[in-house]
Amino acid sequence: MEIKKGLHVGIILDGNGRWATQQGKERLEGHAEGVRALLGLIKTCPENRVQTLSVFAFAIANWKRDKSEVDGIWILFLQFLTTHLKGLIDDGVRFKLIGDRSGLPDAVLAASEDAERRSVSNSGTLLQIALNYDGVDEVARMVKNALQNDISPDDVTAQYVQSHLDTEAGNEPDIIIRTGMPEASGGMSQWRGSAFLPLQSVQSVCVSTEVLWPNFTVDHLQKIIAYADPSSRLFGGQRTKV
Ligand code: IPE
Ligand code: MG
């Protein structure tokens, strides 16, 4: 039986602010708790067959927030990149930044690219963090790049598109999770993709959960994998040929 090498799980982190409000804390404390949740989850990827973890941490649309919140978020990322990520990289994590790099604060870009360089040959979990990202902007950058490079219209194929996005071709998410969504009601549940990996997720199973991101644990991840990826139940079993 062929066992799939690993899963690619994408997560749209949502609910940090509501978590903070529930706790009577400032919104930034919710974001700090969100970073802790992410750190906890990354470490559990290998034991859960997650080979790639992609997280939507800062959308281009998030610039609309109060300056104090945006500045605080960048400080948290910088701390994450310069302190916590070091240990993860020593443990074999490979780091990749996705999004429009030209719009990032200089220090965040420098720390991210340094982490990419240092981890490029690591073979552990691939951690992709989307900063200053929007999937429509990603397509606009790709088209601009093609025009600047005089790509012939004949060369613009589905394969060309897939291999000129911010992500690596052939490594599209199996599952996309959005936290902090309203509870299902009347047999209906909501989904909002917020332009996270739109072209890469055409075949992904999308799962929403009401759990706020700071409360999201490995137990939630395992339940979602069991729910959304039937192949995870085949260990020790037999796959009928399809
Ligand atoms: C998501 O949590 C984190 C970022 C976008 C950086 P929110 O900040 O959107 O949390 P809510 O939606 O206000 O609860
Ligand atoms: Mg939100």
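This text follows the structure it describes.
Figured I'd write up the structure that's included with this text. (Residues numbered from 1 in each chain as written. Chains lettered and ligands numbered in written order. Predicted model: local features only at pLDDT ≥ 70, side-chain atom pairs only at ≥ 80, totals over all residues. Heavy atoms only, no water.)

### Some details on the environment of E138
Reasoning step 1: Position of E138 among the secondary structure elements: in helix α5 (residues 135-148).
Reasoning step 2: Placed 38 residues apart in sequence, E138 and D100 show a C-alpha to C-alpha distance of 7.4 Å.
Reasoning step 3: Each residue touching E138, except ones within four places of it in the same chain, is listed here: Y133, L165, D166, T167 and Q200.
Reasoning step 4: Among the polar contacts made by the side chain of E138, one reaches the side chain of Y133 at a distance of 2.5 Å. (Helix = DSSP H or I, 4+ residues; strand = E, 2+ residues; numbered from the N terminus. Contact = heavy atoms within 4.5 Å. Polar contact = N/O pair within 3.5 Å; in protein donor to acceptor, adjacent residues only side chain to side chain.)

### Concerning the layout of surface pockets
Reasoning step 1: Approximately 600 Å³ is the volume attributed to the largest pocket.
Reasoning step 2: L13, F56, A57, N62 and R65 are the residues nearest the centre of the largest pocket, which is lined by 30 residues in total.
Reasoning step 3: Of all elements in the fold, only α1 (16-22), α2 (27-42), β2 (50-59), α3 (67-90) and β4 (126-133) reach the threshold of two or more residues within the lining of the largest pocket.
Reasoning step 4: With five residues, α2 is the largest single contributor of residues to the lining of the largest pocket.
Reasoning step 5: Of the residues assigned to the lining of the largest pocket, the class counts are 16 nonpolar, seven polar and seven charged.
Reasoning step 6: Estimated volume of the second largest pocket: approximately 230 Å³.
Reasoning step 7: Lining the second largest pocket are 17 residues, with G6, Q51, T52, G170 and N171 sitting closest to its centre.
Reasoning step 8: Among the elements of the structure, β1 (7-12) and β2 are those that each provide at least two residues to the lining of the second largest pocket.
Reasoning step 9: The residue inventory of the lining of the second largest pocket, partitioned by class, reads two nonpolar, nine polar and six charged. (1 Å grid on protein atoms, 1.4 Å probe; cavity = no way out; pocket = protein on both sides within 12 Å on 5 of 7 lines; lining within 4 Å. Points joined across faces, edges and corners; volume = space filled by probe spheres on them. Nonpolar A, V, L, I, M, F, W, Y, C, P; charged D, E, K, R; others polar.)

### Things to note about α3
Reasoning step 1: For α3, which comprises 24 residues, the first-to-last C-alpha distance of 34 Å matches the rise-based estimate of 34 Å (1.5 Å per residue) to within 8%.
Reasoning step 2: Along α3, the largest kink reaches about 45° and is centred on H84.
Reasoning step 3: Where α3 is concerned, the buried positions are E69, V70, G72, I73, W74, L76, F77, F80, L81, L85, L88 and I89.
Reasoning step 4: As for α3, its buried residues are in contact with α2, β2, β3 (94-98), α4 (106-119) and β4.
Reasoning step 5: At the C-terminal side of α3, G92 shows a positive phi close to 105°. (Expected span 1.5 Å × (residues − 1). Bend = angle between axes of the 7 residues up to and from the residue. Buried < 20%, exposed > 50% of the residue type's maximum accessible area, 1.4 Å probe, protein only.)

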